[in-house]
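# What the coordinates show
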Amino acid sequence: VHVPKGCVVSIPILAIHRSVRYWGENAMEFDGNRFVNLKSNHSDGYLPFLRGPRSCIASRFAVLEIKAILFTLIRTFHMEIQPGCEPKMSGTISSIDGLSLKFKKTQKPALAFVK
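Fair warning: this is a prediction, and the values are worked out from it, not measured in the lab.

The next thing to look at is the overall build of the protein chain. Broken down by element type, the protein chain carries 3 helices and 2 strands. The order of α-helices and β-strands along the protein chain, N terminus first, is α-α-α-β-β. Per-residue burial for the protein chain yields a buried fraction of 12% across its 115 residues. Contacts spanning at least 24 positions in sequence make up 40% of the contacts within the protein chain whose residues lie at least 6 apart. Accessible surface for the protein chain amounts to roughly 10200 Å². Of this, 61% is attributable to carbon and sulfur atoms.

On to the packing of aromatic side chains. Tallied over the entire structure, the rule returns 1 aromatic pair. Measuring from centroid to centroid gives 5.6 Å for Phe77 and Phe103, while their planes differ by 85°, and the two rings are edge-to-face. Of this pair, Phe77 sits in strand S1 (residues 77-81) while Phe103 sits in strand S2 (residues 101-105), and the two are 26 residues apart along the sequence. For Phe77, a relative accessible area of 27% translates into the label partly exposed. On the basis of relative accessible area, Phe103 is assigned to the partly exposed category, the value being 42%.

There is a patch of nonpolar side chains on the surface, built from Ile66, Ile69, Leu70, Leu73, Ile74, Met79, Ile81, Leu99, Leu101 and Phe103 and spanning about 850 Å² of accessible area. On the secondary structure map, Ile81 appears in strand S1. For Ile81, a relative accessible area of 41% translates into the label partly exposed.

Checked against the element boundaries, Ile16 lands in helix H1 (residues 13-17). Looking at Ile16, the relative accessible area reads 18%, which means it is buried. For the pair formed by Ile16 and Ala27, sequence separation is 11 residues and the distance between their alpha carbons is 9.9 Å.

Relative to the 26 Å expected for 18 residues at 1.5 Å per residue, helix H3 (residues 59-76) spans 26 Å between its end C-alpha atoms, a close match to the ideal helical length. Looking at H3, one finds that the buried residues are Ser59, Arg75 and Thr76. Buried-residue contacts for H3 involve S1 and S2.

Here we take up the environment of Leu73. Within the secondary structure, Leu73 is located in helix H3. Along the sequence, Leu73 and Phe103 sit 30 residues apart, while their C-alpha atoms lie 9.3 Å from each other. For Leu73, the contacting residues outside a window of four places in its chain are Met79 and Phe103.

Moving on, we come to the environment of His78. Positionally, His78 belongs in strand S1. Spatially, the C-alpha atoms of His78 and Lys102 are 8.1 Å apart, while their sequence positions differ by 24 residues. Not counting chain neighbours up to four residues away, the residues in contact with His78 comprise Lys102, Phe103, Lys104 and Thr106. Polar side-chain contacts of His78 include one of 3.3 Å to the side chain of Glu80.

Calculation rules
- Residues numbered from 1 in each chain as written.
- Predicted model: local features only at pLDDT ≥ 70, side-chain atom pairs only at ≥ 80, totals over all residues.
- Heavy atoms only, no water.
- Helix = DSSP H or I, 4+ residues; strand = E, 2+ residues; numbered from the N terminus.
- Buried < 20%, exposed > 50% of the residue type's maximum accessible area, 1.4 Å probe, protein only.
- Contact = heavy atoms within 4.5 Å.
- Areas by Shrake-Rupley, 256 points an atom, 1.4 Å probe, with all protein chains shown as cover.
- Phe/Tyr/Trp six-rings, centres within 6.5 Å; stacked < 30°, edge-to-face > 60°.
- Patch = residues over 30% accessible without salt bridge, like charges linked within 9 Å, V, L, I, M, F, W, Y side chains within 5 Å.
- Salt bridge = Lys/Arg side-chain N within 4 Å of Asp/Glu carboxyl O.
- Expected span 1.5 Å × (residues − 1).
- Polar contact = N/O pair within 3.5 Å; in protein donor to acceptor, adjacent residues only side chain to side chain.

This is how it looks when you write it as structure tokens:
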């Protein structure tokens, strides 16, 4: 494909992430099991950091960092959505009205490290 100099190219990542072609009839629903054994024909259907020579050079670090943050939050707090707060999604991956969470510190962390 030839793209003339000065053309703006837009990749509709959100549309691809919710495509029935890649994710099936329940493409609009979150299903974490989709990512357990991601088939090769789906690898181009999930583009959080793009692909190829212009992909994000820090993608591995970003994924590792978010895993560490989530691990710490899940280990330290019990989280629940506040009563009466119905999450409504907009055209981006964010909640329209925000999301009100209640964080309650756990008595003991889920995992304890032995010294």
